[in-house]
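Residue strings, one per chain:
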Amino acid sequence: MNKKKIINDPVYGFVTIPSGLIYDLIQHPYLQRLRYIKQVSMTHLVYPGALHTRFQHVIGATHLMLLAVETLRGKGVAISSAEEEAVLIAILLHDIGHGPFSHSLEHTLVEGVSHELISSILMDKLNEEFDGQLALAITIFNDRYDRRFLHQLVSSQLDTDRMDYLNRDSFYTGVSEGVISFDRIIKMLNVHAGELVVEAKGIYSVEKFLIARRLMYWQVYLHKTVVSAEQMMIKALARAKQLSMQGEQLFATPALAHFLNNRVSREDFVSQESHLKWFTRLDDTDILSAIKMWAEHDDFILSDLCARIIDRSLFRTELSNQPFSPVLVDDLKKRVAAKFRLRDEEVGYFVYEQVVANNAYDLQENKICVLFKDGHLKDITEASDLSNIEALSRRVEKYALTYPKEVGLYRD
């Protein structure tokens, strides 16, 4: 059977599946599940076109990895065929551990378990299933391979993962501020002393990449309406879990029911394989079908949250550069409790505070180094002549307060 297929990707055009092993991994149920998990969760409630999936993202990131390997080889960097296949597998599988609605419900269904940990566990299981053929990919993924630039192509501050999601998310949301010169960045990649670097001619493209990352976070990922919708879904799942643990029989698929009816800790998840089995059967459709049914439930809190999500009658989220006054928040909670006849312990389902943060570049982790013709290196913040590039390394925090819009926010 010919396994060297092509996929028509709307962002990059025709994308080639370069090997039989990669084709078989794409066909595996673990990876096919990503077709039913939206890449940017609830963002489609603000940008209607943002319905693309994790599956599309990992295919795109794998395509960019192939271009990066070809570029580095063209500059004399020796990369064996085994290393090429391994680094392609590492990026293909990097998101395999995502649960429904991507980041939104992380730590909600399984407390304290990140998608990175689940990805690592699933890669180990696939390695067993494929008779050890993923061993090198796992070593690269875990940053234990001596040629570190391969890991940096998978996970760093200028990796093919970030390049694809910025490019893809801007494409599907229509937010042009996120468009990056991914092709030029890749052409400017090189390896120096075993580390991934960018040649000096690529400085401006990297600057645009960092600025695009900052803008996409505030304009898309942390848009206040997206924050509101995601928090409402988290609260709805929390209420459903509370009711289930009290013995209430709720509509749920078998996979979702498993996590509603059991408290699964990180230790439980790692040590008991049954939890992983049920997790790999979960996707967005489990959650959406439940929310549609729960909108008719007798419990007011659960039905109200779910009906609002379905109807897009979302809570309002206010963003502030300063913490909200405790007096203001306390007054808001009292008015919400009175309007919806809630007990004190129930108000948290309708009024909540959180801190949202954004830093486009981290000076402490995997710096982006620029290589000049004379062989010396500079961090991008030193190499750039844009004064705001260094500012992008500062962590910016905003305070979010979410509440039903029927109850106005009285400011003190």
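Refer to the structure printed above.
Owing to the predicted nature of the structure, the values given are computational and were not obtained by experimental measurement. (Residues numbered from 1 in each chain as written. Predicted model: local features only at pLDDT ≥ 70, side-chain atom pairs only at ≥ 80, totals over all residues. Heavy atoms only, no water.)

Q: Could you clarify how one ought to interpret the pairing of strand β4 (residues 195–199) in this entry?
A: Successive residues of a regular strand alternate their side chains across the two faces of the sheet. The buried fraction of β4 amounts to 4 of the 5 residues, a majority that puts the element mostly inside the structure. Pairing analysis gives 4 bridges linking strand β3 (residues 189–192) to β4, with the strands arranged antiparallel. Along β4, the bridge assignment pairs H192 with E195. Linkage of β3 to β4, two consecutive antiparallel strands, is achieved through a turn of 2 residues, within which A193 is found at a positive phi near 55°. By the bridge criterion, 2 bridges tie β4 to strand β7 (residues 369–371) in an arrangement that is parallel. Residue pairing for β7: V198 is matched across the bridge by V370. (Buried < 20%, exposed > 50% of the residue type's maximum accessible area, 1.4 Å probe, protein only. Helix = DSSP H or I, 4+ residues; strand = E, 2+ residues; numbered from the N terminus. Pairing = 2+ DSSP bridges.)

Q: Can you walk me through helix α3 (residues 54–74) in this structure?
A: Along an α-helix, residues three or four positions apart point the same way, because every turn accommodates 3.6 residues. The terminal C-alpha atoms of α3 lie 30 Å apart, and with 21 residues this matches the ideal 30 Å at 1.5 Å per residue to within 8%. Where α3 ends, the next residue or the one after it, G76, has phi of about 90°, a positive value. (Expected span 1.5 Å × (residues − 1).)

Q: Please clarify how the pattern of salt bridges should be interpreted in this entry.
A: One side chain can pair with another of opposite charge once the charged atoms of both are near each other. Scanning the model with the defined rule gives 18 salt bridges in all. Between D284 and K38 there is a salt bridge, and its shortest N-O distance comes to 3.5 Å. Of this pair, D284 sits in helix α15 (residues 284–294) while K38 is found in the loop between α2 (29–32) and α3, placing the two residues 246 residues apart along the sequence. Note on D284: relative accessible area 3%, which makes it buried. The class for K38 is buried, based on a relative accessible area of 11%. Taking the shortest distance from any N to any O, the salt bridge between E273 and K125 comes out at 2.9 Å. Within this pair, whereas E273 is found in helix α14 (residues 273–279), its partner K125 is found in helix α5 (residues 115–129), the two being separated by 148 residues in sequence. (Salt bridge = Lys/Arg side-chain N within 4 Å of Asp/Glu carboxyl O.)

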